[in-house]
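So you can see what is in the structure, the chains are spelled out below.
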Amino acid sequence: MKQNNIPLKPLLLSFSVLYGIWAVWELWLNPLMTSHLNNPWLSNLLGDGIVKNLVWTLPAFWLMGRYEPHLYIPRKELLTAKVNWLKWLPWMVGFVVYAVLCAPAEDGRIGIAADFHPSDFVWLAVVGITEESFARGWLLNATLREDNKWKAILLNALAFLAIHFPIWIHKGIFVMAFTSLGFVSVILLSILFSWSFVKTRSIAVPVVLHVVYDLAVTVIG
């Protein structure tokens, strides 16, 4: 498929509108819903299982279909490309090792994180699909060219970083994320997810890598 120049307007508009909706949800609507429900399972199901897919996943796939001639990887291909998963297994193992090494050991033992709740499995199951569909499947895919891959990947990392701002603000860790240089890990992970997307031409790889990383650092403590 010949790739034409992507119109700038749908890129900026899609990011601005969806980001604005997500910010309102994370900063005001989600806390309001959570306080009234007082049920972590239901809150995660509604917030991450439904709302997050409505905000990120569905619009991303609609945009991929609407502007498919402009994409670096056609929508059908990124869903059906064959992947050699053994090549990506070391990264997954590395995520687990990293989580173990960084976990604050109590009594010299590593176990389940103190703030982990079984309901967290709900958002852990969908976070890779929602964020990667939009960040890689749409934004990166629409801006990639053979002669600008790393520029597109770096710009995508900044957009991916910005997606995390609302939740950081809500949790009161926005400033700390920068003063502690924690934001660097988000950028590095974004580069890895983007690179895996380009190398495999599959959305499944960044989704799985994303889920495994979040699972490791959330559960292990």
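Scroll up a little and you will see the structure.
Residues numbered from 1 in each chain as written. Predicted model: local features only at pLDDT ≥ 70, side-chain atom pairs only at ≥ 80, totals over all residues. Heavy atoms only, no water.

**Student:** Teacher, can you tell me more about the overall build of the protein chain here?
**Tutor:** Each helix and strand counted, the protein chain has ten helices and zero strands in total. Listing every helix and strand of the protein chain by position from the N terminus yields α-α-α-α-α-α-α-α-α-α. Principal-axis analysis of the C-alpha atoms gives the protein chain an extent of 60 × 40 × 35 Å. When the 221 residues of the protein chain are sorted by exposure, 48% land in the buried category. Summed over all atoms, the accessible surface of the protein chain reaches about 11,800 Å², with 68% contributed by carbon and sulfur. (Helix = DSSP H or I, 4+ residues; strand = E, 2+ residues; numbered from the N terminus. Buried < 20%, exposed > 50% of the residue type's maximum accessible area, 1.4 Å probe, protein only. Areas by Shrake-Rupley, 256 points an atom, 1.4 Å probe, with all protein chains shown as cover.)

**Student:** Which parts of the structure should I look at to understand the packing of helix H4 (residues 89-102) against helix H10 (residues 204-219)?
**Tutor:** Relative placement of two packed helices is described by the angle separating their axes and the distance separating the axes. Following both chains from N to C, one finds H4 and H10 inclined at 20°, their axes separated by 8 Å at the closest point. Taken together, the axes of H4 and H10 are roughly parallel relative to one another. Considering the relative orientation of H4 and H10, their crossing is right-handed. Contact residues: H4 offers Trp91, Met92, Phe95, Val96, Tyr98 and Ala99, while H10 offers Val208, Leu209, Val212, Tyr213, Ala216 and Val217. (Axes fitted to C-alpha atoms, helices over the stretch in contact; angles between N-to-C directions. Parallel < 35°, antiparallel > 145°, perpendicular 65-115°, else oblique. Left-handed = near helix turned anticlockwise from the far one by under 90°. Contact = heavy atoms within 4.5 Å.)

**Student:** Hey, could you run me through the side chain of Glu26 in this one?
**Tutor:** Considering the arrangement of structural elements, one finds Glu26 in helix H1 (residues 8-37). The side chain of Glu26 sits in the buried core without any salt bridge; Lys52 is the nearest counter-charge, 5.8 Å away. Look past the residues within four positions of Glu26 in its chain and what remains in contact with it is Pro31, Pro166, Ile167 and His170. (Lys, Arg positive; Asp, Glu negative; His and termini not counted. Salt bridge = Lys/Arg side-chain N within 4 Å of Asp/Glu carboxyl O.)

**Student:** What's the story with the nonpolar core in this structure? I'm lost.
**Tutor:** Within soluble globular proteins, side chains that are nonpolar tend to cluster in buried spots. Residues Phe15, Trp56, Phe134, Trp138, Leu139, Leu144 and Phe197 are the most contacted members of the largest nonpolar core, which totals 36 residues. Sorting elements by how many residues they give to this core places H1 first, with seven residues. Core analysis: the next-biggest nonpolar cluster, separate from the first, contains ten residues, Met92, Phe95, Phe193 and Tyr213 among them. (Core = buried A, V, L, I, M, F, W, Y, C linked by side-chain atoms within 4.5 Å.)

**Student:** Even after reading the chapter, I still don't get the packing of aromatic side chains, so can you show me in this structure?
**Tutor:** Here a ring pair, both rings aromatic, is described through the centre-centre distance and the interplanar angle of the planes. All chains considered together, the criterion is met by 15 aromatic pairs. Relative to Phe134, the ring of Phe15 has its centre 6.4 Å away and its plane inclined at 25°; by these criteria the two rings are stacked. Here Phe15, found in helix H1, pairs with Phe134, found in helix H5 (residues 120-143); they are 119 residues apart in sequence, far enough to count as distant. Grouping residues by exposure puts Phe15 and Phe134 together as buried. Centre to centre, the rings of Trp88 and Trp195 are 5.4 Å apart; their planes meet at 65°, and the pair counts as edge-to-face. (Phe/Tyr/Trp six-rings, centres within 6.5 Å; stacked < 30°, edge-to-face > 60°.)

**Student:** What is the right way to look at the pattern of salt bridges in this model?
**Tutor:** Using the criterion set out here, one finds four salt bridges in the structure. Taking the shortest distance from any N to any O, the salt bridge between Lys52 and Glu131 comes out at 2.9 Å. On the criterion of sequence distance, the pair formed by Lys52 in helix H2 (residues 40-66) and Glu131 in helix H5 is long-range, its members being 79 residues apart.

**Student:** Is there a simple way to explain H1 in this structure?
**Tutor:** Because an α-helix packs 3.6 residues into every turn, residues spaced three or four apart end up facing the same way. In a regular helix each residue adds 1.5 Å, so 30 residues correspond to 44 Å; H1 covers 41 Å between its end C-alpha atoms and thus fits that length. At Trp25, H1 shows its largest kink, close to 45°. Those residues of H1 that fall on the buried side of the exposure criterion are Pro10, Leu11, Ser14, Phe15, Leu18, Tyr19, Trp22, Ala23, Trp25, Glu26, Asn30 and Met33. As for H1, its buried residues are in contact with H2, H5, helix H6 (149-163) and helix H7 (165-171). Just downstream of H1, Asn38 is the residue with a positive phi angle, here 55°. (Expected span 1.5 Å × (residues − 1). Bend = angle between axes of the 7 residues up to and from the residue.)

**Student:** For this particular structure, what's the right way to read unusual backbone geometry?
**Tutor:** Trans is the prevailing form of peptide bonds, just as negative phi is the prevailing case for residues other than glycine. Residue Leu181 is not a glycine yet carries a positive backbone phi of 65°. Structurally, the position occupied by Leu181 is in the loop between helix H8 (174-179) and helix H9 (183-200). The exposure class of Leu181 is exposed, given its relative accessible area of 53%.

Spatial relationships are all this shows, so hold off on functional conclusions.
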